[in-house]
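Coordinate analysis (summary)
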Amino acid sequence: MQEAIDRLRAEGLSRIAQADSPDALESVRVGLLGRKGELTGLLRGLKDVSDDQRPAAGAALNQLKLELTAALENRTGDLAGAGAGSMDLDLTLPGRAPVQLGTAHPLLSVLEEICDIFYGMGYDRGDGPEVELDYYNFTALNFPDDHPARDIQDTFFLNEDMLLRTQTSPVQVRTMERVQPPLAYVFPGRVYRNENADASHSSEFYQIEGLRVDRNISLVDLRETVNAFIASFFGGERQTRFRPHFFPFTEPSVEVDMECVKCSGKGCGVCGQTGWLEIMGAGMVHPNVFKAAGYPDDAYTGFAFGMGIDRIAMLKYGIDDIRLLYENDLRFLNQFRGVL
Ligand code: DAH
């Protein structure tokens, strides 16, 4: 039996190697492995082998079958490759599968849309680092040393002096250090907070900061700017209201509410039945922030505001869970194709 196996291995491999077309190879295959093929014949003969030799003979035949099958496959590949080379293939033809073009992420589209509105009002755009110094994120913004926002719960500290910025406000100071008034800027970017994720919280999100400094800028300028932005972004005039609030870096500080986008002030689930949606924090730049920037005392006034881009995008497009913006599920993202 072993001799027959060795012979068939040598002959089989040589026949496979000599087959020079797919058809010739197919008949070699049938001759070896087909129903009446030689290897099949040997397998059938196993029953006549003595009991003590049958297991070894069976194993050897299986091994041979694997070898011949692999050799056939290789040769099939060789012949196909050679055939392709000799055919006139146009490798520049486009593929058959339809090509799906990517689109901008909805957050990025909203970010750009907001910036465009401010460019229209004469604003520049600036940027600052996401890995920020404690100094710019807090101290220069007039946060007292023991302010609770510095608490390790809210801030991702990297070491004593460095952290992931919790707000885009530090870019105000970085910019004023370089640029003298009059100035008007928006600073969009990613910010980080040590928070558990839920439908309205994420440990990373986007804000856009606005800053305008000149002589004699007043709260009225802030109000007109905010109203113009809202009318342009959400479409149509909408009521806004300024509620007194506290931020260390502005005085006075306000929170700005606008008439609910869904119910136009009547009260609904989106606005918690109040008719109002809070959309940004704002105020008049605190003198200590001007001081940190190196501006002379009492020379300038200015307003600043900051809003969450995620929240604005969610309000505009009726998205009810912030996590959808970060999961990049194509079933979600594809809904914004052509919309933004
Ligand atoms: N930085 C504030 C925050 O993250 C938002 C903010 C409020 C920015 C008032 C401002 C401002 O520029 O004037 O909650």
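Below is a short write-up of the structure. Predicted, not measured: the structure shown is a model, and the values here were computed from it.

This part covers the pairing of strand E7 (residues 250–259). Counting buried residues in E7 gives eight out of ten residues, a clear majority hidden from the surface. The sheet contact formed by strand E6 (residues 240–247) and E7 spans seven bridges and is antiparallel. Bridging from a neighbouring strand, Phe 242 pairs with Val 256 of E7. The antiparallel pairing of E6 with E7 creates a hairpin that spans two residues between the two strands. Relative to strand E8 (residues 276–285), E7 is paired through eight bridges, and the arrangement is antiparallel.

Here we come to the layout of surface pockets. Each pocket or cavity is described by its volume, and for the largest pocket that value is around 1300 Å³. At the level of elements, strand E5 (204–214), E6, E7, E8, strand E9 (301–308) and helix H10 (309–317) are the ones that each hand at least two residues to the lining of the largest pocket. Element by element, the count of residues in the lining of the largest pocket is highest for E8, at six residues. Among the residues forming the lining of the largest pocket, the class breakdown is 20 nonpolar, 16 polar and ten charged. Size it by volume and the second largest pocket reaches roughly 230 Å³. Lining the second largest pocket are 17 residues, with Val 285, Pro 287, Phe 290, Asp 298 and Tyr 300 positioned closest to its centre. Looking at the lining of the second largest pocket, the elements that each hand over two or more residues are E8, helix H9 (287–293) and E9. Counting residues per element, the lining of the second largest pocket draws most heavily on H9, at four residues. Among the residues forming the lining of the second largest pocket, the class breakdown is eight nonpolar, four polar and five charged.

What counts, and where the lines are drawn
Residues numbered from 1 in each chain as written. Predicted model: local features only at pLDDT ≥ 70, side-chain atom pairs only at ≥ 80, totals over all residues. Heavy atoms only, no water. Buried < 20%, exposed > 50% of the residue type's maximum accessible area, 1.4 Å probe, protein only. Helix = DSSP H or I, 4+ residues; strand = E, 2+ residues; numbered from the N terminus. Pairing = 2+ DSSP bridges. 1 Å grid on protein atoms, 1.4 Å probe; cavity = no way out; pocket = protein on both sides within 12 Å on 5 of 7 lines; lining within 4 Å. Points joined across faces, edges and corners; volume = space filled by probe spheres on them. Nonpolar A, V, L, I, M, F, W, Y, C, P; charged D, E, K, R; others polar.

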